[in-house]
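Fold and geometry: a report
Here are the chains, one letter per residue:
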Amino acid sequence: MECRIREWEPADAEALAKLLNNKKILDNLRDGLPYPYTPKDAAEYITAMRAADKTETFAFAITMDGRVIGSIGVFRCGNIHFRTAEMGYYIGEPYWGKGMGTSAVQQVCRYIFEHTDIIRIFAEPFAQNTASCRVLEKAGFQLEGILYSNAVKNGKVLDMKMYALLRK
């Protein structure tokens, strides 16, 4: 099984909504996503990503055999960090543990380094999200440190890990 990244399409809204109606996924993402996540929410997200500045926002559907199985995005930072970008991603639960996350991260990083002037991509998973940490490590990211008591999610104060991949 192999996954691919591609730009979002309006027809992806139903599949996206189905994937994000999972508390196990939402519990490992930043706040701001509604629950339940509706096809209307998904359509609005897809419209926003398609309309975003293509030099600052790089948002992709993760697909397998033409089906959406996840989402990945890289977002350019500003000011003195304008050549740095933050990455976020998730894979639908039926596809966990199959290497899809690692493959998508590798694909998007390769795309960013080949098509932009970005020199550093970073990600900040919750420290307890060992699967996401492992995805980043397998994709070549280096652990730069632990951000202690860096977030409050579901009423709990959580540590996060800082991972980065540098342009070679």
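Whatever comes next refers back to the structure up there.
So, here is what we can say about the structure in this document. (Residues numbered from 1 in each chain as written. Predicted model: local features only at pLDDT ≥ 70, side-chain atom pairs only at ≥ 80, totals over all residues. Heavy atoms only, no water.)

Things to note about the packing of aromatic side chains
The cut-off we apply is this: Ring pairs shown here join Phe, Tyr and Trp side chains whose ring centres sit within 6.5 Å, with only the six-membered ring taken for Trp; geometry is labelled stacked below 30 degrees between planes, edge-to-face above 60, and tilted in between. Each helix is a run of DSSP H or I of at least 4 residues and each strand a run of E of at least 2, with the numbering of both proceeding from the N terminus. Relative accessibility decides the category of a residue: with a 1.4 Å probe and only protein chains considered, values under 20% of the type maximum give buried, values over 50% give exposed, and everything between is partly exposed.
Following the criterion strictly, the structure yields 2 aromatic pairs and no others. Arranged with centres 6.0 Å apart and planes meeting at 85 degrees, the rings of Trp 8 and Tyr 45 form a pair that is edge-to-face. Of the two residues, Trp 8 is situated in the loop between strand E1 (4-7) and helix H1 (13-20) and Tyr 45 in helix H3 (residues 39-51); the sequence distance between them amounts to 37 residues. Exposure remark for Tyr 45: the relative accessible area of 24% places this residue in the partly exposed category. Where Phe 60 meets Tyr 111, the ring centres are 5.4 Å apart and the plane angle is 75 degrees; that geometry is what we call edge-to-face.

Structural notes on the environment of Val 105
Structurally, the position occupied by Val 105 is in helix H4 (residues 100-115). We classify Val 105 as buried; its relative accessible area is 0%. Along the chain, Val 105 and Ala 139 lie 34 residues apart, while their C-alpha atoms are 6.5 Å from each other.

Remarks on the packing of H1 against H3
Convention followed: Here the axes come from fitting lines to C-alpha atoms, over the contacting stretch only for helices, and the angles between their N-to-C directions go from 0 to 180 degrees. For any pair of crossing helices, the crossing counts as left-handed if the nearer helix is rotated counterclockwise from the farther one by less than a right angle, and right-handed if it is rotated clockwise. Contacts were defined at the residue level, with two residues in contact if any of their heavy atoms lie within 4.5 Å. Residue classes follow a fixed rule: Ala, Val, Leu, Ile, Met, Phe, Trp, Tyr, Cys and Pro count as nonpolar, while Asp, Glu, Lys and Arg count as charged, and any other residue, Gly among them, counts as polar.
In the contact formed by H1 and H3, the axes pass within 8 Å of each other and the chain directions differ by 115 degrees. Pair H1 / H3 crosses with right-handed handedness. Contacts between H1 and H3 involve Ala 13, Glu 14, Leu 16 and Ala 17 from the first element and Pro 39, Ala 42, Ala 43, Tyr 45 and Ile 46 from the second. Here the residues of the contact of H1 with H3 sort into 8 nonpolar, no polar and 1 charged.

Topic: the side chain of Asp 12
On the secondary structure map, Asp 12 appears in the loop between E1 and H1. The exposure class of Asp 12 is buried, given its relative accessible area of 6%. If we ignore the near neighbours within four places in the chain, the residues touching Asp 12 are Arg 6, Glu 7, Ile 46, Ala 61 and Val 68.

Side note on the sheet that holds strand E7 (residues 156-166)
Where we set the bar: What makes two strands pair is DSSP finding at least two bridges between them.
Across the sheet, which stays open at both edges, the 7 strands sit in the order E1-E2-E3-E4-E5-E7-E6 with mixed pairing between neighbours. At either end of the open sheet lies a strand with only one pairing partner, and these are E1 and strand E6 (142-153). Here the strands of the sheet are splayed against their neighbours by 30 degrees on average, with no regard to which way each runs. The pairing of E1 with strand E2 (residues 57-64) spans 4 bridges and is antiparallel. Opposite Glu 7, over in E2, you have Phe 60 as the bridge partner.

Details of the side chain of Asn 22
Threshold: Polar contact criterion, stated in full: a pair of N or O atoms within 3.5 Å, where within protein one must be able to donate a hydrogen and the other to accept it, and residues adjacent in sequence count only if both atoms are side-chain atoms.
Relative to the helices and strands, Asn 22 resides in the loop between H1 and helix H2 (23-26). Side-chain polar atoms of Asn 22 contact the side chain of Glu 93, separated by 2.8 Å. Contacts of Asn 22, omitting those with residues within four sequence positions, involve Tyr 35 and Glu 93.

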